[in-house]
Amino acid sequence: MELKELIQRVETGIQQSGVNPEDARSGDDGQWLLLRNETPIYIDAWLDEQSSPWNYFLFETDRTVFQITLPFCYAPTLQREAFLEEILTVNLNLLYGKFSFNSRDNVVVLSYRVPGSSFKSEDLSAVIDGLSYYCEMSYHVLKDEFNLKRVLVEGENS
């Protein structure tokens, strides 16, 4: 798949969700930002330049990547190991996504990543709805036990 085609699919999906793709564009081509209840939703489409052990099986046939990322919370300082173990266990039950931890920024995210050729415009809203649901539900279930702090941005809800 060509990156240009993937970008068009993403913009079609954004438009089908009721948002003007031009308003959602951020940064370089292939980057969009949506907001839902002050939670940022980062959408990215790119072309992998180099194969890795994690993508070798598809690299020669489709180098495009589609990803949605929602920052979930800052990782707690106390009980960090128990918290990370908990979200790894929760990962077993999730559809459309997974929890990941960025130690450099101390942020836990929910993400969805597929080869570009697997992305369908009509699936965008359902994936965002699913990730947003997990983000809200998990925060409310785990916030008191682990004293979690949200990663939010101010702005209009989308």
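Residues numbered from 1 in each chain as written. Predicted model: local features only at pLDDT ≥ 70, side-chain atom pairs only at ≥ 80, totals over all residues. Heavy atoms only, no water.

In this section: the overall build of the protein chain. The helix and strand tally for the protein chain stands at five helices and six strands. Ordering the α and β elements of the protein chain from the N terminus gives α-α-β-β-α-β-α-β-β-α-β. Taking 158 residues into account, the globule formula puts the C-alpha radius of gyration at 15 Å, and the protein chain, at 16 Å, falls close to it. Its C-alpha atoms give the protein chain principal-axis dimensions of about 45 × 40 × 25 Å. By residue count, 42% of the 158 residues in the protein chain fall in the buried class. Restricting the contact set of the protein chain to residue pairs at least 6 apart, pairs at least 24 apart contribute 64%. Of the accessible surface of the protein chain, which amounts to about 9500 Å², a share of 49% is contributed by carbon and sulfur atoms. Looking at the protein chain, you have 13 positive and 25 negative side-chain charges, and the mean spots of the two groups are 2 Å apart. (Helix = DSSP H or I, 4+ residues; strand = E, 2+ residues; numbered from the N terminus. Rg over C-alpha atoms; globule rule 2.2 N^0.38 Å. Buried < 20%, exposed > 50% of the residue type's maximum accessible area, 1.4 Å probe, protein only. Contact = heavy atoms within 4.5 Å. Areas by Shrake-Rupley, 256 points an atom, 1.4 Å probe, with all protein chains shown as cover. Lys, Arg positive; Asp, Glu negative; His and termini not counted. Charge placed at Lys NZ, Arg CZ, Asp CG, Glu CD.)

In this model, Gln-79 sits at a positive phi of 60°, which is unusual for a non-glycine residue. A relative accessible area of 46% means that Gln-79 is categorised as partly exposed. Even without being glycine, Asn-106 reaches a positive phi, approximately 55°.

Let us now look at a nonpolar patch on the surface. Together, Tyr-133, Met-137 and Val-141 make up an exposed nonpolar region whose accessible area comes to about 310 Å². Assignment of secondary structure puts Tyr-133 in helix H5 (residues 124–146). Looking at Tyr-133, the relative accessible area reads 51%, which means it is exposed. (Patch = residues over 30% accessible without salt bridge, like charges linked within 9 Å, V, L, I, M, F, W, Y side chains within 5 Å. Salt bridge = Lys/Arg side-chain N within 4 Å of Asp/Glu carboxyl O.)

So, to be careful, I would describe these as geometric facts and stop short of saying anything about function.
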